[in-house]
Amino acid sequence: MVFSSVTFIFFFLPLSLLINYLLKEKIRNYWLLFVSLFFYLWGGISFLPILLFSIFLNYIGGMGIHLIDKKGCRGRKAWTAFIIACNIILLIYWKYLNFLSGYIEDFFNINLELKNILLPIGISFFTFQGLSYVVDVYRRQAPAQKNIFYVGLYISLFPQLVAGPIVRYGSINQQLEQRTASVSKFAGGMRRFSIGLAKKAIIANTLAVNADAVFSLPPEQNTVLVAWIGIISYTLQIYFDFSGYSDMAIGIGKMLGFTFPENFNYPYIASSVTDFWRRWHISLSSWFRDYVYIPLGGNRCSKSRWVFNLFVVWSLTGIWHGANWTFLIWGWIYFVLLLLEKLTGFHKKLGILSHIYTLFFVMTAWVFFKSPSIEYAVLYLKSMFGILPIHSISFNHLWYLDSYQLFMLVIACIGSTPLCKVLLGKIKENTKDEIYAALSSSVSLVLLGISMIYVVTSTYNPFIYFQF
């Protein structure tokens, strides 16, 4: 069940919110756990036991650390390492074993006879949340949760269950016990949800038509302009798709009384690749920084070790997104760029060109992210730069750039910058609070209404990050 579906918008979300507020505060968490598990069950009944096992595993992990601390026994680190290993094995089996099995069979000259393992929705996200809980308890940054249902709610809370943002247990544990809900917070959440839905249903889904159409063709059938139309469309699609989902998740969280971390901060205005990753998928990049990079030693060690640490982080970041060499290449591209920036600082000498340099390499990396294989990505890059012989032209650029698509591309370019936010800030400064509140609520309702029309009438509603 995706947020931009008729079932979710017209049935699941209204009923979940209504019943949540009709119930007493003490039992709201149990209701939210129930609807969260039902939400996940909607994606396939066979996946639910995996999520339940993850909840149980991390619950006993936290309780084990608590009991070891209480009794003053040894083995605290070993127990934590065991639980972390179990989480990683769970992720490797369900997400990577299909990918690894061929290499294992070739190396050991054996036949594993594995059936095709289906990828559970959102396993990367809820596994990282479980790891966050265990590590935060181990570091004594948060107390162990004695109520397994609360651990279950933290890991499975439906707004951020399948696509983030990745919420740290240490930042939400008190909200699980007690949170405040108000009319203003609910209204703010509703506005945020409306913006996210508009990003997804109106902009991302429209751009997806062009992106998917171009990338479905053999690269040798693309002109240079068509290839660039395809990658520009995808660059904007993935931003509005994912940031729109994050906005909806944060908005639903507010409506339920939770405060989730921000996940995007206009990444396409970044002046360096380092700056880009401070703005893109913030919850993931900060997770790898705090739970992998710093524990490995960060940059407070020898240069060779620091380079190794950086390589590990970006290899993991790449493979986290999917079991394919294209994702590893994508991660290694960022490893090389970040390494060059940190060692030379060349991007600081580019001035305003630093934005162009950053966007160019971000789009180049997206080619690998979008492509089904490395071979396809290389051919596509060649078509972008006019060094791939064209065998036949399927469609020219005018087929992709009708007036509506061109209009949405312009809207997407503007929307990916803080221009609208700055204009709204100026309006707020020069408008009375009551008038501004009424105006912003009206705009949100209009966006919500238009988005619902798109949701009801559209038959094309892909969501990129569900595969992770």
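The structure under discussion appears in the preceding block.
Criteria and cut-off values
- Throughout this description, residue numbers start from 1 for each chain and increase along the sequence as written.
- Totals for whole chains, interfaces and linings use every residue, but because this is a predicted model, local features are given only for residues with pLDDT of at least 70 and side-chain atom pairs only at 80 or more, for both listing and counting.
- Each side-chain value is worked out from all heavy atoms of the structure, with water and hydrogens disregarded.
- To qualify as a helix, a DSSP run of H or I must reach at least 4 residues; to qualify as a strand, a run of E must reach at least 2; elements of each kind are numbered from the N terminus.
- Atoms counted for the radius of gyration: C-alpha only. Globule rule: 2.2 Å times residue count to the power 0.38.
- Categorising residues by exposure relies on relative accessible area from a 1.4 Å probe, with only protein chains included: less than 20% of the type maximum marks a residue as buried, more than 50% marks it as exposed, and the intermediate range marks it as partly exposed.
- For every accessible area listed, the method is Shrake-Rupley and the probe measures 1.4 Å; residues are considered covered only by the protein chains on display.
- Residues enter patches when they are more than 30% accessible in relative terms and free of salt bridges; like-charged ones are connected within 9 Å and nonpolar ones (Val, Leu, Ile, Met, Phe, Trp, Tyr) within 5 Å.
- Criterion for a salt bridge: a side-chain nitrogen of Lys or Arg within 4 Å of a carboxyl oxygen of Asp or Glu.
- Counting of polar contacts relies on pairs of N or O atoms within 3.5 Å, with two restrictions inside protein: one atom must be capable of donating a hydrogen and the other of accepting it, and residues adjacent in sequence are counted only when both atoms are side-chain atoms.
- In what follows, residue pairs with any heavy atoms lying within 4.5 Å of each other are defined as contacts.
- A cavity, in this analysis, means grid points on a 1 Å lattice covering only the protein atoms where a 1.4 Å probe fits yet has no way out; a pocket is instead an open set bounded by protein on both sides within 12 Å along at least five of seven lines, and a residue lines either one if it has an atom within 4 Å of a point.
- Grid points are joined across faces, edges and corners, and a volume is the space filled by probe spheres set on the points.
- Classification used: nonpolar for Ala, Val, Leu, Ile, Met, Phe, Trp, Tyr, Cys and Pro, charged for Asp, Glu, Lys and Arg, polar for all others including Gly.
- Any Phe, Tyr or Trp ring, taking Trp's six-membered ring, that has another such ring centre within 6.5 Å forms a pair; planes under 30 degrees apart are called stacked, those over 60 apart edge-to-face, and the others tilted.
- The length a helix should cover is 1.5 Å for every residue beyond the first.
- Lines fitted to C-alpha atoms define the axes, with helix axes restricted to the stretch in contact, and inter-axis angles between N-to-C directions lie between 0 and 180 degrees.
- Here roughly perpendicular refers to angles of 65 to 115 degrees, roughly parallel to angles under 35, roughly antiparallel to angles over 145, and oblique to all remaining angles.
- Note: crossing handedness is left-handed where the near helix turns anticlockwise from the far helix by less than a right angle, and right-handed where it turns clockwise.
- Working definition: a disulfide is two cysteine sulfur atoms within 2.5 Å of each other.

Enquirer: Please clarify how the overall build of the chain should be interpreted in this entry.
Expert: Helix and strand counts for the chain stand at 19 helices and zero strands. Here the C-alpha atoms of the chain give a radius of gyration of 23 Å, agreeing with the 23 Å that 2.2 N^0.38 yields for 468 residues. Seen along its three principal axes, the alpha-carbon backbone of the chain occupies a region of about 70 × 65 × 50 Å. For the chain, with 468 residues in total, the buried portion stands at 53%. As presented, the chain carries roughly 21900 Å² of accessible surface, and 68% of it is formed by carbon and sulfur atoms.

Enquirer: Is there a simple way to think about a nonpolar patch on the surface in this case?
Expert: Taken together, the side chains of Leu406, Val410, Ile414, Leu419 and Leu423 present a nonpolar region at the surface, about 410 Å² in accessible area. Residue assignment for the nonpolar patch shows that the elements contributing at least two residues are α17 (403-415) and α18 (419-429). Looking at which element gives the most residues to the nonpolar patch, the answer is α17, with three residues. Checked against the element boundaries, Leu419 lands in helix α18.

Enquirer: Help me understand the side chain of Arg168 in this model?
Expert: Secondary-structure assignment places Arg168 in the loop between α6 (148-156) and α7 (169-177). In terms of polar contacts, Arg168 uses its side chain to reach the side chain of Asp290, at 2.9 Å. Ignoring any residue separated from it by four or fewer positions in sequence, one finds Arg168 in contact with Ser132, Asp136, Tyr154, Ser286, Trp287, Asp290 and Tyr291.

Enquirer: How should the layout of surface pockets be read in this particular structure?
Expert: The probe, sized like a water molecule, is rolled over the atoms to show the empty space still left. Here the largest pocket is characterised by a volume of approximately 1600 Å³. If you go around the largest pocket, you meet 41 residues; those closest to its centre are Ile195, Lys199, Tyr266, Cys420 and Leu424. Breaking the lining of the largest pocket down by element, the ones donating at least two residues are α8 (183-215), α9 (224-256), α17, α18 and α19 (433-457). Classifying every residue of the lining of the largest pocket gives 23 nonpolar, ten polar and eight charged. Its boundaries defined by the atoms lining it, the second largest pocket holds a volume of some 550 Å³. Along the wall of the second largest pocket there are 23 residues; nearest its centre are Ile88, Phe128, Leu131, Val292 and Leu316.

Enquirer: I keep staring at the packing of aromatic side chains and nothing clicks. Help me out?
Expert: Aromatic rings in a pair are described by how distant their centres are and how their planes are angled relative to each other. Under the counting rule described, the total for this entry stands at 62 aromatic pairs. Consider the rings of Phe311 and Trp332, whose centres lie 6.0 Å apart with planes at 15°: the pair is stacked. Linking Phe311 in helix α12 (residues 303-320) with Trp332 in helix α13 (residues 325-344), this pair joins segments that are 21 residues apart in sequence. Classification of Trp332 by relative accessible area gives partly exposed; the value is 26%.

Enquirer: Got a minute to help me understand α6 in this structure?
Expert: In terms of residue burial, α6 counts as a mostly covered element, since seven of its nine residues are buried. Of the positions making up α6, those classed as buried are Tyr150, Val151, Gly152, Leu153, Tyr154, Ile155 and Ser156. Along its buried surface, α6 packs onto α2 (25-41), α3 (48-71), α5 (123-138) and α7. The N-capping residue of α6, defined by a side-chain oxygen 2.9 Å from the backbone nitrogen of Phe149, is Asn147.

Enquirer: What am I meant to see in the pattern of salt bridges here?
Expert: Pairs can form between side chains of opposite charge once their charged atoms are near each other. Here the structure, examined in full by the defined rule, presents ten salt bridges. A salt bridge links Arg76 to Asp69; the shortest N-O distance between them is 2.6 Å. Look at Asp69 and you get partly exposed, because its relative accessible area is 31%. Salt-bridge contacts for Lys200 lead to Asp241; the nearest nitrogen and oxygen are separated by 2.7 Å. Placement of the pair is Lys200 in helix α8 and Asp241 in helix α9, with a sequence separation of 41 residues. The two residues Lys200 and Asp241 agree in class, both being buried. When salt bridges that share partners are traced, they join Arg192, Lys199, Asp247 and Glu262 into one network.

Enquirer: Looking at this structure, how should I read α2?
Expert: An α-helical turn contains 3.6 residues, so a residue and the one three or four places further along point in the same direction. For α2, which comprises 17 residues, the first-to-last C-alpha distance of 25 Å matches the rise-based estimate of 24 Å (1.5 Å per residue) to within 8%. Inspection of α2 places Arg28, Asn29, Trp31, Leu32, Leu33, Val35, Ser36, Leu37, Phe39 and Tyr40 among the buried residues, and these make up the whole buried set.

Enquirer: Teacher, can you tell me more about the packing of α9 against α17 here?
Expert: Packed helices, taken two at a time, are described by their axes: the angle between them and the distance between them. As a packed pair, α9 and α17 sit with axes 10 Å apart at the nearest point and diverge in direction by 55°. In terms of their interaxial angle, α9 and α17 are classed as oblique. Note on packing geometry: the crossing formed by α9 with α17 is left-handed. Of the residues in α17, those in contact with Ile232, Ser233, Leu236, Tyr239 and Phe240 of α9 are Leu409, Ala412, Cys413 and Gly415. Residues belonging to the contact of α9 with α17 are distributed by class as follows: seven nonpolar, two polar and no charged.

Enquirer: Would you mind showing me how to read the side chain of Thr80 here?
Expert: Along the chain, Thr80 turns up in helix α4 (residues 76-108). Within the structure, Thr80 has its side chain in polar contact with the backbone oxygen of Arg76 (distance 2.9 Å). Apart from the residues lying within four places of it in its own chain, the contact partners of Thr80 are Ile65, Val134 and Tyr138.

Enquirer: I'm lost on the packing of helix α1 (residues 6-22) against α19 in this one. Help?
Expert: At a closest axis distance of 8 Å, the pairing of α1 and α19 adopts a crossing angle of 120°. On the side of α1, the interface is formed by Val6, Ile9 and Phe10, while α19 contributes Met452, Val455 and Val456. Of the residues that constitute the contact of α1 with α19, the class distribution is six nonpolar, no polar and no charged.

Enquirer: What am I meant to see in the state of the cysteines here?
Expert: In protein structure, a disulfide is the covalent linkage between the sulfur atoms of two cysteines. Applying the stated rule across the entire model yields zero disulfides. Here Cys86 stays unpaired: no disulfide links it, and the sulfur of Cys73, its closest cysteine neighbor, is 20 Å away. Free of any disulfide, Cys420 has its nearest cysteine sulfur in Cys413, 12 Å distant.

Enquirer: Before we go on, may I ask you to explain the environment of Ala81 in this structure?
Expert: Mapped onto the elements of the fold, Ala81 is located in helix α4. Taking relative accessible area as the criterion, Ala81 reaches 42% and is therefore assigned partly exposed. The sequence separation of Ala81 and Ile148 amounts to 67 residues, and the corresponding C-alpha distance is 21 Å.

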